[in-house]
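For reference, the chains in residue letters:
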Amino acid sequence: NQNTSSCKMSDIAINFMAGGIGGMCTVIVGHPFDTVKVRLQTMPMPAPGQKPMFTGALDCCKQTIAKEGFFALYKGMAAPLVGVTPLFAVFFGGCAIGKYIQQKNPEDEMSFMQNINSGAIAGVMTTAVMVPGERIKCLLQVQSAGHAPSGVHYDGPMDVVKKLYKQGGITSIYRGTAATLLRDIPASAAYLSVYEYLKKKFAGEGNAGKLSPGATLMAGGLAGMANWSVCIPADTLKSRLQTAPEGKYPGGIRDVLKEVLREEGPKGLFKGFTPVMLRAFPANAACFFGLELALSFFRMFI
């Protein structure tokens, strides 16, 4: 029994390390799409009779490259790269903990519902790591677009942390925690359960775990799309809340929701949907490919 317990603990450790590698793959592939998404979500409302700042994802991408060069799409990447590596490590470690809690025996197969529970547990755990990184990333991405809604200019991730702390202490750095939980608990549940379900489907009967690289990429990409289709409205509200000037939304996410519905209607909640879906497939395919590769590498030694 002690053996089983140490086997499970090493599984959590392996998932934690492999998750970090998967996370790095995600950021490198997905960050340009994320920059476009945040700029679309937070662009100012056009004055009556005026054209919007960007007409869509492609226009935003073209304008960004024309005005600021190709690498502008990678602005603010240091924060998610530093944040996402431990974040994905915590997420996949959390999934393994969820599995550990629910399984009587390590060989037991997880049901779809159990995978949903594991993903939700991991979603709660990642929020603590994610909120500051997301807040820094959004503020840096938005100010590069030529309008800083907060009215403050930042010189980089550390400068953001210093100024936010000075402005409102730790609560300012963690602004958007409830919005992030609202987004990440259902999204993480969808992410893990869809991936595990597709993995089983693609591997065929009695062949679980033996996936071809193409099938891993496909399952990971579709799981990423499932994850984002669940959480884009909450993500839009979170981006608005985290890039707004201090004190603009005293009621938090409820105030943002009221404003979006009043000014733009329900479709305003789905801003940035195109770049999100374009990013979701390759970024998450890269994530699970990196994860599975790292898992099989670590398992050779443990």
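Residues numbered from 1 in each chain as written. Predicted model: local features only at pLDDT ≥ 70, side-chain atom pairs only at ≥ 80, totals over all residues. Heavy atoms only, no water.

Here is the rule we go by: UniProt positions are given in the numbering used here, feature names are shortened, and annotations may be inferred rather than shown by experiment.
As named in an unreviewed UniProt entry, the chain is Mitochondrial carrier protein, taken from Pristionchus mayeri. Checking UniProt for the chain, the heading Subcellular location (unreviewed entry) contains the comment "Mitochondrion membrane".

Some words on the UniProt feature "repeat: Solcar" (unreviewed entry) in the chain
Note the cut-off: Here a helix means four or more residues in a row that DSSP labels H or I, a strand means two or more in a row labelled E, and each is numbered from the N terminus.
Mapped onto this structure's residue numbering, the UniProt feature "repeat: Solcar" (unreviewed entry) falls at residues 10–101, 110–201 and 211–297. Taken end to end, residues 211–297 is 78% helix and 0% strand, and its first and last C-alpha atoms sit 15 Å apart.

A look at the side chain of Arg-175
Here is the rule we go by: Any residue under 20% of the maximum accessible area for its type is buried, any over 50% is exposed, and the rest in between are partly exposed; the area is computed with a 1.4 Å probe on protein chains only. Contacts described as polar in this section are N or O atom pairs within 3.5 Å, which, within protein, must combine one atom able to donate a hydrogen with one able to accept it, while residues neighboring in sequence count only if both atoms come from side chains. Contact between two residues is taken to exist if any of their heavy atoms lie within 4.5 Å; hydrogens are not considered.
Tracing the backbone shows Arg-175 in the loop between helix H5 (157–173) and helix H6 (177–203). Looking at Arg-175, the relative accessible area reads 14%, which means it is buried. A distance of 3.0 Å separates a polar atom in the side chain of Arg-175 from the backbone oxygen of Ala-244. Once residues lying within four places of it in the same chain are set aside, the contact partners of Arg-175 are Val-131, Arg-135, Leu-241, Gln-242, Ala-244, Pro-245, Glu-246 and Gly-247.

A closer look at helix H7 (residues 213–243)
Rule in force here: Expected span of a helix: the number of residues minus one, times 1.5 Å. To get the bend at a given residue, fit one axis to the seven residues ending there, fit another to the seven starting there, and take the angle between those axes.
Between its terminal C-alpha atoms H7 stretches only 39 Å, short of the 45 Å expected from 31 residues at 1.5 Å a residue. The largest bend in H7 is about 60 degrees, located at Cys-231, with the proline Pro-233 one to four residues further on. Across the 31 residues of H7, 22 count as buried, placing the element largely inside the fold.

A short note on the packing of aromatic side chains
To be explicit about the condition: Centres within 6.5 Å make a pair out of two Phe, Tyr or Trp rings, where for Trp the six-membered ring is used; the pair is then stacked when the planes are under 30 degrees apart, edge-to-face when over 60, and tilted otherwise.
Per the counting criterion, the structure on display carries twelve aromatic pairs. With a centroid separation of 5.1 Å and 50 degrees between ring planes, the pair formed by Tyr-191 and Phe-288 is classed as tilted. Here Tyr-191 is found in helix H6, whereas its partner Phe-288 is found in helix H9 (residues 273–301), with 97 residues between them in sequence. Phe-288 shares its class with Tyr-191; the two are buried. Judged by centre distance (6.2 Å) and plane angle (70 degrees), the ring pair of Phe-270 and Phe-273 falls under edge-to-face.

With respect to the packing of helix H4 (residues 112–143) against H5
What counts here: For helices, the fitted line uses only the C-alpha atoms of the stretch in contact; every axis is such a line through C-alpha atoms, and the angle between N-to-C directions lies from 0 to 180 degrees. Oblique is the label for any angle not covered by the other classes, which are roughly parallel (under 35 degrees), roughly antiparallel (over 145) and roughly perpendicular (65 to 115). Throughout, a crossing is termed right-handed when the near helix is turned clockwise from the far one, and left-handed when it is turned anticlockwise from it by less than a right angle.
Interhelical geometry of H4 versus H5 gives an angle of 125 degrees and a closest axis separation of 11 Å. Judged on the interaxial angle alone, H5 and H4 are oblique. Along this stretch, H4 crosses H5, giving a crossing that reads as right-handed. Where H4 approaches H5, its residues Val-131, Pro-132, Arg-135, Ile-136, Leu-139 and Leu-140 are matched on the opposing element by Pro-157, Val-160, Val-161, Leu-164, Ser-172 and Ile-173.

Topic: a nonpolar patch on the surface
How we decide: Like-charged residues within 9 Å of one another, or nonpolar side chains (Val, Leu, Ile, Met, Phe, Trp, Tyr) within 5 Å, are grouped into patches, provided each residue has over 30% relative accessible area and no salt bridge. The accessible surface values rely on the Shrake-Rupley method and a 1.4 Å probe; as for residues, cover is taken only from the protein chains in view. Any carboxyl oxygen of Asp or Glu within 4 Å of a side-chain nitrogen of Lys or Arg constitutes a salt bridge here.
A cluster of nonpolar side chains, contributed by Met-9, Tyr-100, Ile-101, Ile-121 and Met-125, occupies part of the molecular surface with about 420 Å² of accessible area. Elements with a minimum of two residues in the nonpolar patch: helix H3 (78–102) and H4. Along the chain, Met-9 turns up in helix H1 (residues 2–42). When its relative accessible area of 44% is taken as the criterion, Met-9 is described as partly exposed.

A short note on the nonpolar core
Applicable threshold: The definition of a nonpolar core used throughout is a set of buried Ala, Val, Leu, Ile, Met, Phe, Trp, Tyr and Cys residues joined through side-chain atoms within 4.5 Å.
Ala-18, Phe-88, Phe-91, Phe-92, Tyr-191, Phe-288 and Leu-291 are the most contacted members of the largest nonpolar core, which totals 24 residues. Elements represented by at least two residues in this core include exactly H1, H3, H4, H6, H7 and H9. For Phe-91, the residues in contact, after removing those within four places along its chain, are Gly-119, Ala-122, Gly-123, Thr-126, Ser-188 and Tyr-191. With nine residues, the next largest nonpolar core counts Tyr-249, Ile-253, Val-256 and Val-260 among its residues.

What to know about the packing of H6 against H9
Going by this rule: Under the scheme applied here, ten amino acids are nonpolar (Ala, Val, Leu, Ile, Met, Phe, Trp, Tyr, Cys and Pro), four are charged (Asp, Glu, Lys and Arg), and all others, including Gly, are polar.
Two elements in contact, H6 and H9, have axes whose closest approach is 13 Å; the angle formed by their N-to-C orientations is 70 degrees. As far as their axial angle goes, H9 and H6 are roughly perpendicular. In terms of crossing hand, the pair formed by H6 and H9 is right-handed. Of the residues in H9, those touching H6 at Tyr-191, Tyr-195 and Lys-199 are Asn-284, Cys-287, Phe-288 and Glu-292. Of the residues in the contact of H6 with H9, the class split is four nonpolar, one polar and two charged.

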